[in-house]
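Structural features, examined
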Amino acid sequence: MAIPTAELHVHLEGTLEPELIYQLAERNRVELPWAGIEDLRTRYDFTGLQHFLDLYYANMAVLRTEEDFADLTRAYLARAVRAGVRHTELFLDLQAHTGRGVPAEVVLRGVDDALGASEAEYGVSSGLIITLLRHLPGEAATEALREALEVDVRLLGVGLCSAETGSARPFREAFELAAAHGLHRVAHAGEEGPAANVTEVLDVLGAERVDHGIRALEDDAVVERLAAGRVPLTMCPLSNVRLQVVGSLDAYPLRELTDRGVLVTLNSDDPAYFGGYVDDVYRETAAALGLGTQELAALARNSMEASFVSEVRRAELVAEVDAWEAGLREA
Ligand SMILES: [Zn+2]
């Protein structure tokens, strides 16, 4: 049985599998530039973040209707359930769709419908985080968030993602707007960018969690700050290896961070592109680093501690990890 976990760093668009890309292309009569699914798969050998992002955004062209977004969300949820996910805080790159003419309402209603149904069907609780795109201007982010807030769907938070270039300062206004609406705040930082970017999203955007944050290790003061404030890192080992942020999984600095008191969680990021869903991430990281049952259970409990859920829901989630661990001890 897969370890019960809360997934806190997964981009909905990053769960778009080649098979679904082709199905949606056919349904929407979108011409794809590849010779077929296998040809598309050969392009998943990435040299870095930008190389990946180019393909990631290109593939989204097949997502057009509310039904498309609902189908994509359902496909993710069905796979996530098998991966042991009991709670998910899903990232949505809204501007990647509004920017090519798909209205925010179409995107948000499709995703929200599927998430609502999953709570009833699978017992997986969920929240939606609008991840604003850092490679676009700050005003565009604020505008996208305003549009999202006008749609009658549940939003959990706001995030910042995409190419980690330039300052996060232009996004301060959007994050202040989010806070004023009671939304949680998270941000990608310290993935390809330096440790100073981690400090910046804490200070300027009021981020409550840092997505990736692996390069915090380059500055002891940043590591100490994360540990002292119990600021969670949503780490994505398979993504970091695929995008050459770290050389190999054996060299992943997970223990270095946990030993120094940082609250680390394991996540998939863009599972359709980086070779695995969160169960694969736990299994492969455990194998590479020699993590035992206790360490895996501790990581799963970290994911619950880092979740934006009620204390009641958190206790339920932690009890599932306790039961999983007890079950393994008996076996
Ligand atoms: Zn990410």
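Only a predicted model underlies this, so the values are computations on that prediction, with no experimental measurement involved. (Residues numbered from 1 in each chain as written. Predicted model: local features only at pLDDT ≥ 70, side-chain atom pairs only at ≥ 80, totals over all residues. Heavy atoms only, no water.)

**Details of the coordination of the zinc ion**
Think of it this way: four donors in a tetrahedron around the metal ideally sit 109.5 degrees apart, and six in an octahedron ideally sit 90 or 180 degrees apart. Within the first shell, the zinc ion binds the protein through H9 (NE2), H11 (NE2), H188 (NE2) and D269 (OD), at distances of 2.1 to 2.3 Å. For the zinc ion, the four donor atoms are set out with angles of 81 to 172° between them, so the coordination reads as irregular. Sequence spacing among the residues donating to the zinc ion works out to H-x1-H-x176-H-x80-D. One end of the pair, H9, is in strand β1 (residues 5–11); the other, H188, is in strand β5 (residues 184–189), and 179 residues separate them in sequence. Each member of the pair, H9 as well as H188, is classed as buried. (Donors = N, O, S within 2.8 Å, 3.2 Å for Na, K, Ca; no water. Tetrahedral: all angles 85-135°; square planar, octahedral: opposite > 155°, others 65-115°. Helix = DSSP H or I, 4+ residues; strand = E, 2+ residues; numbered from the N terminus. Buried < 20%, exposed > 50% of the residue type's maximum accessible area, 1.4 Å probe, protein only.)

**Here's the deal with the pattern of salt bridges**
As enumerated under the stated definition, the model contains 27 salt bridges in all. D279 is the partner of R79 in a salt bridge, and the nearest nitrogen-oxygen pair spans 3.2 Å. On the criterion of sequence distance, the pair formed by R79 in helix α4 (residues 66–82) and D279 in helix α14 (residues 278–289) is long-range, its members being 200 residues apart. Grouping residues by exposure puts R79 and D279 together as buried. Within this structure, R27, E67, D68, D71 and R74 form a network of salt bridges that share partners. (Salt bridge = Lys/Arg side-chain N within 4 Å of Asp/Glu carboxyl O.)

**Re unusual backbone geometry**
The phi torsion at R230 lies on the positive side, around 50°, for a residue other than glycine. Structurally, the position occupied by R230 is in the loop between α10 (220–228) and β7 (233–235).

**Re the side chain of T131**
Within the secondary structure layout, T131 lies in strand β3 (residues 125–133). A polar contact of 2.7 Å, which involves the side chain of T131, links it to the side chain of D93. For T131, the residues in contact, after removing those within four places along its chain, are H11, F91, L92, D93, L94, Q95, G159, L160 and C161. (Polar contact = N/O pair within 3.5 Å; in protein donor to acceptor, adjacent residues only side chain to side chain. Contact = heavy atoms within 4.5 Å.)

**A few points about the state of the cysteines**
Summed over all chains, the structure comprises zero disulfides. The thiol of C161 is unpaired, and the distance to the nearest cysteine sulfur, on C236, comes to 12 Å. Classification of C161 as buried rests on a relative accessible area of 2%. (Disulfide = S-S within 2.5 Å.)

**Things to note about α4**
For α4, with 17 residues, the first-to-last C-alpha span of 25 Å sits near the 24 Å given by 1.5 Å per residue. If you check which residues of α4 are buried, you get D68, F69, A70, L72, T73, Y76, L77, R79 and A80. Along its buried surface, α4 packs onto β1, α1 (18–28), β2 (85–92), α5 (95–98), α6 (104–122) and α14. Of the residues trailing α4, G84 is marked for its positive phi of about 90°. (Expected span 1.5 Å × (residues − 1).)

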